[in-house]
Amino acid sequence: MARPKGENTLRKHFKLTEETSRILAERSKAENMNESEYIRYLLLNQSDHPRSRELELEVMRLRNEINKIGVNVNQIVKNSNSHIYNESDKMELKSKIEIIKDLVERISSI
């Protein structure tokens, strides 16, 4: 990652634990960058909220579960209108709703 021409370079010194230093070395090597390049890359490519990626994944999971529930509800309504509704449909729907509740709780704690 080259710096723009004419831009002054400043040095920053900071402390790391041995474990954090080891992680930095491993991850920068895995990305074929030196540690300074890797730190700059992370700083310049992070979102506004450090946990936004985790939140984004949880929202995707929640959306998928809601879609599954929608499919189940449609099947239950169809079966009910055809007078072939059964208890297992109802139990499956309850199970999916519990999954949604758990996902919402996880998202709320992020």
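Whatever comes next refers back to the structure up there.
Criteria and cut-off values
- Residues numbered from 1 in each chain as written.
- Predicted model: local features only at pLDDT ≥ 70, side-chain atom pairs only at ≥ 80, totals over all residues.
- Heavy atoms only, no water.
- Helix = DSSP H or I, 4+ residues; strand = E, 2+ residues; numbered from the N terminus.
- Contact = heavy atoms within 4.5 Å.
- Areas by Shrake-Rupley, 256 points an atom, 1.4 Å probe, with all protein chains shown as cover.
- Expected span 1.5 Å × (residues − 1).
- Core = buried A, V, L, I, M, F, W, Y, C linked by side-chain atoms within 4.5 Å.
- Buried < 20%, exposed > 50% of the residue type's maximum accessible area, 1.4 Å probe, protein only.
- Salt bridge = Lys/Arg side-chain N within 4 Å of Asp/Glu carboxyl O.
- Axes fitted to C-alpha atoms, helices over the stretch in contact; angles between N-to-C directions.
- Parallel < 35°, antiparallel > 145°, perpendicular 65-115°, else oblique.
- Left-handed = near helix turned anticlockwise from the far one by under 90°.
- Nonpolar A, V, L, I, M, F, W, Y, C, P; charged D, E, K, R; others polar.

Participant: Break down the overall build of the protein for me, citing the residues and quoting the values.
Facilitator: Tallying secondary structure elements over the protein gives 4 helices and 0 strands in all. Reading the protein from its N end, one meets helices and strands in the order α-α-α-α. The long-range share in the protein, meaning contacts at least 24 apart out of those at least 6 apart in sequence, stands at 59%. When the accessible area of the protein is evaluated, it comes to approximately 9,500 Å², of which 52% is carbon and sulfur surface.

Participant: Requested: an account of helix α1 (residues 18-30), with residues and values cited.
Facilitator: The terminal C-alpha atoms of α1 lie 18 Å apart, and with 13 residues this matches the ideal 18 Å at 1.5 Å per residue to within 8%. With its phi angle positive at about 55°, Asn-32 sits one or two positions after the end of α1.

Participant: So what's going on with the nonpolar core? Residues and values would help.
Facilitator: Of all hydrophobic cores here, the largest spans 7 residues; its members are Leu-62, Ile-69, Ile-76, Leu-93, Ile-100, Leu-103 and Ile-107. Of all the secondary structure elements, the ones that give two or more residues to this core are α3 (52-81) and α4 (87-108). For this core, the element with the highest residue contribution is α4, accounting for 4 residues. Excluding its chain neighbours within four sequence positions, the residues that come into contact with Leu-93 are Ile-69, Val-73 and Ile-76.

Participant: Account for the pattern of salt bridges, with residues named and values stated.
Facilitator: Inspection of the entire model under this criterion finds 4 salt bridges. A salt bridge links Glu-19 to Arg-22; the nearest nitrogen and oxygen atoms lie 2.4 Å apart. Of this pair, Glu-19 and Arg-22 both sit in helix α1, 3 residues apart, which is roughly one turn of that helix. Overall, Glu-19 belongs to the partly exposed group, its relative accessible area being 42%. One salt bridge connects Glu-26 with Arg-22, and the closest N-O pair in it is separated by 2.5 Å. Taken together, the residues Glu-26 and Arg-22, both in helix α1 and 4 residues apart, mark about one turn of the helix. In the salt-bridge network here, residues are joined through shared partners; they are Glu-19, Arg-22 and Glu-26.

Participant: Could you give an account of the environment of Lys-90, naming the residues involved and the relevant values?
Facilitator: Mapped onto the elements of the fold, Lys-90 is located in helix α4. The spatial distance from the C-alpha of Lys-90 to the C-alpha of Asn-72 is 9.0 Å, given a sequence separation of 18 residues.

Participant: Give me the lowdown on the packing of α3 against α4, citing residues and values where you can.
Facilitator: A packed helix pair is summarised by two numbers, namely the angle formed by the two axes and the spacing between the axes. For the pair α3 and α4, interaxial distance at closest approach is 9 Å and the crossing angle is 160°. Judged on the interaxial angle alone, α4 and α3 are roughly antiparallel. Handedness of the crossing formed by α3 with α4: left-handed. For the contact of α3 with α4, the residue count by class is 14 nonpolar, 2 polar and 9 charged.

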